[in-house]
Amino acid sequence: MTTKHFFLIAAVFSFSISLAQGKFVTYEVDNEPYEGYYIRPSTGNPGNAALVLILHDWDGLTDYEVKRANMLAEEGYQVFAADLFGKGIRPTENKEKAQHTGELYKDRSKLRRLMTGALHAARQQGAETEKVAAMGYCFGGAATLELARSETALKGFATFHGGLGTPEGQDYSKTRGKIIIFHGTADTAITMDDFAALAKELEAAKIPHEMTSYGNAPHGFTVFGTPAYRLEADKQSWKRFIKFLEEIFS
């Protein structure tokens with residue numbers, strides 16, 4: 001990311017240097033080590049702040065999720081950015097990324113255990129247990145919807161340019177929380193047909209939901225410093241997401 005990009009994004013989101021210090025946390029799921037990132041807000045009563053679980057993209061837990069966690073902490077939330085691949089596993093080649101995500105797509109039970117394990121790890125850090133929401137980007141968005149279908153009782157589930165398909169044999173009959181979807185109309189990886197299909201499915205299941213698409217926004221439109229980044233779509237979706245958190249936690 002260039003210096004120009006950094007200061008532009010900093011101005012848009014009103015970053016502050018007053019953030020509390022976040023920390024990486026090693027925890028275990030199925031006797032295997034994972035490393036998440038946990039941060040509390042720097043003001044107010046941080047121990048009582050609502051918790052947001054972040055689920056990462058197909059390149060694992062990176063600086064991007066850490067930055068988003070810090071932004072949420074500045075908004076007054078506790079945040080735990082989960083690790084779904086394993087401690088030290090941060091793939092850089094697309095072949096590796098596809099391998100790790102593909103393994104979890106094939107083993108949905110393991111994916112669910114990894115997410116509930118991350119929630120348990122957050123709670124071991126003293127995080128809020130009643131007011132919890134999950135959010136995810138791309139692969140993490142697909143994982144967020146998997147969590148929503150699993151009967152895990154959270155206040156809300158949010159996806160940004162995430163996978164929207166429902167695996168065969170699954171549905172939203174057990175979903176216990178509101179769903180909000182942020183999508184790019186120009187996304188060719190996850191199309192507007194996929195977007196419409198999910199809308200019909202959620203409506204049929206009577207799940208409270210909100211779905212927004214942004215014009216000229218391709219797949220990955222929130223990822224800072226990339227060709228896909230779209231400032232306006234990122235700014236608008238983030239603003240609505242913060243308001244969504246206020247609504248579900250009120």
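Criteria and cut-off values
Residues numbered from 1 in each chain as written. Predicted model: local features only at pLDDT ≥ 70, side-chain atom pairs only at ≥ 80, totals over all residues. Heavy atoms only, no water. Core = buried A, V, L, I, M, F, W, Y, C linked by side-chain atoms within 4.5 Å. Buried < 20%, exposed > 50% of the residue type's maximum accessible area, 1.4 Å probe, protein only. Helix = DSSP H or I, 4+ residues; strand = E, 2+ residues; numbered from the N terminus. Contact = heavy atoms within 4.5 Å. pLDDT = per-residue confidence, 0-100. Salt bridge = Lys/Arg side-chain N within 4 Å of Asp/Glu carboxyl O. Pairing = 2+ DSSP bridges. Right-handed = clockwise from strand over helix to strand, strands pointing away. Axes fitted to C-alpha atoms, helices over the stretch in contact; angles between N-to-C directions. Parallel < 35°, antiparallel > 145°, perpendicular 65-115°, else oblique. Left-handed = near helix turned anticlockwise from the far one by under 90°. Nonpolar A, V, L, I, M, F, W, Y, C, P; charged D, E, K, R; others polar.

## A few points about the nonpolar core
Then step 1. If you look at the biggest cluster of nonpolar residues, it comprises 40 residues, and the most contacted ones within it are Leu 53, Phe 80, Leu 84 and Ile 179.
Then step 2. Elements that contribute at least two residues to this core include exactly β1 (23-29), β2 (32-39), β3 (51-55), α4 (108-124), β5 (132-137), α5 (139-149), β7 (178-184) and α6 (192-204).
Then step 3. Tallying contributions element by element places α4 first for this core, with 7 residues.
Then step 4. Discounting residues that sit within four places of it in the chain, Leu 53 has contacts with Phe 80, Ala 82, Met 115, Ala 118, Leu 119, Ala 133, Ala 134, Met 135 and Leu 147.
Then step 5. One finds Ala 73, Phe 182, Ile 242 and Leu 245 within the second-largest nonpolar core, a separate group that totals 35 residues.

## A look at the confidence of the model for the chain
Then step 1. Mean pLDDT over the chain stands at 92; residues scoring 70 or higher make up 92%.
Then step 2. Within the model, the stretch residues 1-19 combines pLDDT values under 50 with 28 contacts to residues more than four positions away or in other chains.

## Regarding the pattern of salt bridges
Then step 1. Under the counting rule described, the total for this entry stands at 11 salt bridges.
Then step 2. Arg 113 serves as the salt-bridge partner of Asp 30, at 2.9 Å between the closest nitrogen and oxygen. Separated by 83 residues along the polypeptide, Asp 30 in the loop between β1 and β2 and Arg 113 in helix α4 bring together distant segments of the chain.
Then step 3. Using a relative accessible area of 36% as the deciding quantity, one classes Arg 113 as partly exposed.
Then step 4. Among the salt bridges present, the one from Arg 240 reaches Glu 210, with a minimum N-O distance of 2.8 Å. Pair noted here: Arg 240 is in helix α7 (residues 231-249) and Glu 210 is in strand β8 (residues 209-214), with a separation of 30 residues, a long-range link.
Then step 5. Arg 240 gets classed as buried once you look at its relative accessible area, which sits at 19%.
Then step 6. Here the residues in one salt-bridge network are Arg 108, Arg 112, Glu 146 and Arg 149, joined through shared partners.

## A few points about the pairing of β3
Then step 1. The buried fraction of β3 amounts to 5 of the 5 residues, a majority that puts the element mostly inside the structure.
Then step 2. Side chains of β3 alternate between two faces, with Leu 51, Leu 53 and Leu 55 and Val 52 and Ile 54 buried alike.
Then step 3. Bridge analysis of β3 against strand β4 (residues 78-81) gives 4 bridges, and the strand direction is parallel. Note on β4: the bridge partner recorded for Leu 51 is Gln 78.
Then step 4. The β-α-β motif built from β3, the intervening helix α2 (residues 63-74) and the parallel element β4 has right-handed crossover chirality.
Then step 5. Note: β3 against β5, 5 bridges, orientation parallel. Looking at the pairing, Leu 51 lines up with Val 132 of β5.

## Quick notes on the packing of α2 against α7
Each packed pair of helices is defined by two parameters, the angle between the axes and the distance between the axes.
Then step 1. The N-to-C vectors of α2 and α7 enclose an angle of 50°; their axes lie 12 Å apart at closest approach. As judged from the angle between their axes, α2 and α7 are oblique. Between α2 and α7 lies a crossing of right-handed hand. Between α2, through Arg 68, Met 71 and Leu 72, and α7, the contact on the second element is made entirely by Asp 234, Trp 238, Phe 241, Ile 242 and Leu 245.
Then step 2. In the contact of α2 with α7, the residues fall into 6 nonpolar, no polar and 2 charged.

## Describing unusual backbone geometry
Then step 1. Backbone geometry at His 161 places phi at a positive 35°, although glycine is not the residue there.
Then step 2. With respect to the helices, strands and loops of the structure, His 161 is situated in the loop between β6 (156-160) and β7.
Then step 3. The exposure class assigned to His 161 is buried, which follows from its relative accessible area of 0%.
Then step 4. Backbone geometry at Asn 216 places phi at a positive 60°, although glycine is not the residue there.
Then step 5. Secondary-structure assignment places Asn 216 in the loop between β8 and α7.
Then step 6. With a relative accessible area of 58%, Asn 216 lands in the exposed category.

## Side note on the side chain of His 100
Then step 1. Following the sequence through the fold, His 100 ends up in helix α3 (residues 94-106).
Then step 2. We classify His 100 as buried; its relative accessible area is 16%.

## A look at the sheet that holds β7
Then step 1. The 8 strands are arranged β1-β2-β4-β3-β5-β6-β7-β8 in an open sheet whose pairing can be described as mixed. This sheet does not close on itself; its edge strands, each paired only once, are β1 and β8. Adjacent strand axes in the sheet meet at a mean angle of 20°, parallel and antiparallel pairs treated alike.
Then step 2. Inspection of the sheet shows β1 paired to β2 by 7 bridges, in the antiparallel sense. Residue pairing in the sheet places Phe 24 in a bridge with Tyr 37 of β2.
Then step 3. Here α5 sits on the sheet in contact with β3, β5, β6 and β7, set at roughly 145° to β5.

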